[in-house]
Amino acid sequence: MSEKRHTYLLDTNILMNYPTAVYGFDDNEVVVTATTIEELDSLKQGKTERACQAREVFRQSLTPLRQKALRSHADLAEGVKINRGRGIFRVENDSVDAVVLPQGWELSKADNRILAACCSLGAILVTEDQSLLFKASEIGVPAQEYRNAQIPVDENCADRAEVYVSAEEMNILAREGQMKADGRKTRDLVENEYLILHDRCDPKHTFLARFRGGMFHRLYTLSDSCRVTPRNVSQHFAIDALMAPPEEIPLVILQGEAGTAKTFLTVACGMDQMEDRYERMIATRNNVEFDRDIGALPGSEVEKVGPLMRGVTDNLRTYLKIQGGGMHTKRPSRIDAGEVDQIMEDYLESGRISIESMGFMRGRSITNSYIIIDECQNATPGQIMGIVTRAAEGSKIVLCGDPNQIDKLSLTANTAGLTFAARAMAGSPACVRSFSAARSEIPRGGTVFLSLRDMVR
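Basis of the calculations
- Residues numbered from 1 in each chain as written.
- Predicted model: local features only at pLDDT ≥ 70, side-chain atom pairs only at ≥ 80, totals over all residues.
- Heavy atoms only, no water.
- Pairing = 2+ DSSP bridges.
- Helix = DSSP H or I, 4+ residues; strand = E, 2+ residues; numbered from the N terminus.
- Contact = heavy atoms within 4.5 Å.
- Axes fitted to C-alpha atoms, helices over the stretch in contact; angles between N-to-C directions.
- Buried < 20%, exposed > 50% of the residue type's maximum accessible area, 1.4 Å probe, protein only.
- Salt bridge = Lys/Arg side-chain N within 4 Å of Asp/Glu carboxyl O.
- Core = buried A, V, L, I, M, F, W, Y, C linked by side-chain atoms within 4.5 Å.
- Phe/Tyr/Trp six-rings, centres within 6.5 Å; stacked < 30°, edge-to-face > 60°.
- Parallel < 35°, antiparallel > 145°, perpendicular 65-115°, else oblique.
- Left-handed = near helix turned anticlockwise from the far one by under 90°.
- pLDDT = per-residue confidence, 0-100.
- Nonpolar A, V, L, I, M, F, W, Y, C, P; charged D, E, K, R; others polar.

Undergrad: Explain the sheet that holds strand β3 (residues 80-82) to me, please; I cannot follow it from the model alone.
TA: Each strand in a sheet pairs with another by means of backbone hydrogen bonds, the pair being arranged parallel or else antiparallel. In space, the six strands of this open sheet follow the order β3-β4-β2-β1-β5-β6, with mixed pairing throughout. Each edge of the open sheet carries a strand with a single partner, namely β3 and β6 (143-144). Alignment of strand β2 (residues 29-33) against strand β4 (residues 87-92), held across five bridges, turns out to be parallel. Bridge pairing in β4 links Thr33 to Glu92. Sitting on the sheet, helix α3 (residues 49-71) touches β3 and β4, and the angle it makes with β3 is about 120 degrees. Each of β1 (7-10), β2, β4 and β5 (124-126) is contacted by helix α4 (residues 110-121), which is oriented at about 170 degrees to β1, the strand it contacts most.

Here it is as structure tokens:
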């Protein structure tokens, strides 16, 4: 006997974050309300990220389903078959009744209309809006998050491996800087994984290394091209990944708590490579404020986005002040705030440093650039993929964030773009794995995921 078919009602934010979610419920019935259609319609105008997401829902799901209904002479209100005929999709025209809601809950509010529809249909609400989940539980409406999008978070995720080798192998590494790795020792390692090598006879004798091309490559204390000194092992690994050429490591994911210097290391290493490797540095971030039209603020794009990018610009000012002006000066001493502001203005006016809105990066192909995505725990998986696929030849992308600092009610640590990137792109909870390009714009090479565990104040 087959299992009973369930009815799932999708909230607007599910479709916004996952445009093809209507196909994710196998042989069950999937319902979208007219309220949701109206919300999507009101959001689709403009160039904001939310407008792009709303248009994607129509492009990838709603318009093809409407066209399918026309071809088959079906009524969307009655339902159209999906998932090879196993499931049904239909639009509910909001035959809702205020009686099913507690007194004082107004049907003029979209969330309340969606809850009322769930009550009338006996449907399971699917939403990632935490406040709506709370309201659903208050009135006894069965509700859940979109489970197909959830990614397990490994709390014990390590950012390094530890390998024990012989004293002779340690001597080879000390003398030549690299050593062919024993297959038994590398069975569980992946390309570009960072590790601590221990002398088997004297475990306190260690080298830091990166596994690449079947070899252990020793990491040295300082790089000639990097003027930042790491304060701990995690930062040492991070600097090496950030300074590696994009052909080796085109994508670096830095995850860590506040105070672990994610943004500073990213900015500093980018600046140290601007003269010889990259034509420019691009900085952007996703935040709940990016969901609003930036036209509401006066000024240029830099002036509009600037207040949201202070984490990057503050660290850039710190770097310039410490380094005496950056790549175009040999001055060893610190400079004052006025000089820093002038240098910053010069960089921005020349285009060497670009502060941009994430909503305007769609459709571009960015070459020879160092791209910083700060606070990306607030980005959805779709937004992360949209950014990663913008990088073309010679570009490197750095994703910085902390899943414990998510600001959007529609995201959790299991559904955030940062978690998605760590798992889907890096392919390993440990730290590193090569990945195959899903689109031609993605640079081929290695991906590094590093968890900066050590606090630096």
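Resuming the write-up.
Undergrad: Looking at this structure, I do not really get the environment of Val57. What am I missing?
TA: With respect to the secondary-structure elements, Val57 resides in helix α3. With relative accessibility at 0%, the residue Val57 sits in the buried group. Through-space distance from the C-alpha of Val57 to that of Met16 is 6.5 Å; in sequence the pair is 41 residues apart. Look past the residues within four positions of Val57 in its chain and what remains in contact with it is Leu15, Met16, Pro19, Leu40 and Leu62.

Undergrad: Is there a simple way to think about the pattern of salt bridges in this case?
TA: Pairing is possible between side chains of opposite charge, provided their charged atoms come close. Scanning the entire structure with this criterion turns up ten salt bridges. Here Arg175 and Glu176 are joined by a salt bridge, their closest N and O atoms 4.0 Å apart. There is no split in this pair, since Arg175 and Glu176 are both exposed. When salt bridges that share partners are traced, they join Arg210, Arg212, Asp240 and Glu248 into one network.

Undergrad: Explain the nonpolar core to me, please; I cannot follow it from the model alone.
TA: As a rule of thumb, soluble globular proteins bury nonpolar side chains together. Judged by nonpolar contacts, the single largest core of 37 residues is most densely connected at Leu242, Met271, Leu320 and Tyr370. A total of six residues in this core trace back to one element, the largest contributor, which is helix α7 (residues 233-243). Met16, Phe25, Val57 and Val126 belong to the second-largest nonpolar core, a separate cluster that totals 23 residues.

Undergrad: Is there a simple way to think about the packing of aromatic side chains in this case?
TA: Each aromatic ring pair is characterised by the separation of its centres together with the angle its planes make. With the rule as written, the count across this model stands at six aromatic pairs. Residues Tyr278 and Tyr370 carry aromatic rings whose centres are separated by 5.4 Å and whose planes lie at 55 degrees to one another, so their mutual orientation is tilted. Remark: Tyr370 occurs in strand β15 (residues 369-374) and Tyr278 occurs in the loop between α8 (262-273) and β13 (280-285); sequence separation between them is 92 residues. Note on accessibility: Tyr278 and Tyr370 belong to one class, buried.

Undergrad: Looking at this structure, how should I read the packing of helix α2 (residues 34-43) against α3?
TA: Two numbers describe a pair of packed helices, the interaxial angle and the distance between the axes. Where α2 meets α3, the axes come as close as 8 Å, and the angle between the chain directions of the two elements is 130 degrees. Looking at the two axes, α2 sits oblique to α3. α2 and α3 meet at a crossing whose hand is left-handed. Contact residues: Ile37, Leu40, Asp41 and Leu43 in α2; Arg50, Ala51, Ala54, Val57, Phe58 and Leu62 in α3.

Undergrad: Explain the confidence of the model for the protein chain here, please?
TA: Low-pLDDT portions of the prediction should not be read for the details of their coordinates. Scored by pLDDT, the protein chain comes out at a mean of 78, with 77% of its residues at no less than 70. By mean pLDDT, strand β17 (residues 432-435) is the weakest element of the protein chain at 31, and β1 is the strongest at 96. Segment residues 427-445: pLDDT under 50, and 65 contacts once partners within four positions in sequence are set aside and those in other chains are kept.

Undergrad: Just checking my understanding: could you explain the packing of α7 against α8 for this structure?
TA: Between α7 and α8, the shortest axis-to-axis distance is 9 Å and the interhelical angle comes to 40 degrees. As judged from the angle between their axes, α7 and α8 are oblique. The interaxial crossing formed by α7 with α8 has right-handed handedness. Along its contact with α7, which presents Gln235, Ala238, Ile239, Leu242 and Met243, the element α8 presents Leu265, Thr266, Cys269, Asp272 and Gln273. Residue composition of the contact of α7 with α8, by class: six nonpolar, three polar and one charged.

Undergrad: Honestly, the pairing of β4 in this entry has me stumped. Any pointers?
TA: Two faces belong to every sheet, and in a regular strand the side chains alternate between them. With five of six residues buried, β4 lies mostly within the body of the structure. Across three bridges, β3 lies against β4 in antiparallel orientation. Residue Val80 lies in a different strand from β4, and its bridge partner there is Phe89. Counting the residues that bridge the hairpin from β3 to β4 gives four residues, and of these Asn83 lies at a positive phi of roughly 55 degrees.

Undergrad: Which parts of the structure should I look at to understand the pairing of strand β9 (residues 193-199)?
TA: Here β9 lies mainly inside the structure; seven of its seven residues are buried. With burial as the criterion, each face of β9 is covered, one bearing Glu193, Leu195, Leu197 and Asp199 and the other bearing Tyr194, Ile196 and His198. Where strand β7 (residues 161-165) meets β9, five bridges bridge the pair, whose relative direction is parallel. Along β9, the bridge assignment pairs Ala161 with Leu195. Two elements, β9 and strand β10 (residues 206-212), share six bridges in a ladder whose sense is antiparallel. Bridge pairing in β10 links Leu195 to Ala209. Once β9 ends, the chain turns through six residues before running back antiparallel as β10.

Undergrad: Mind showing me how you'd approach the sheet that holds β10 here?
TA: Read from one edge of the open sheet, five strands run β7-β9-β10-β11-β8, paired in mixed fashion. Sheet topology places β7 and β8 (178-180) at the edges, where each strand pairs with a single neighbour. This sheet shows a mean twist of 35 degrees between the axes of neighbouring strands, independent of strand direction. In the sheet, β10 pairs with strand β11 (residues 215-218) via four bridges, with the strands oriented antiparallel. For Phe211, the partnering residue across the bridge sits in β11 and is Phe216.

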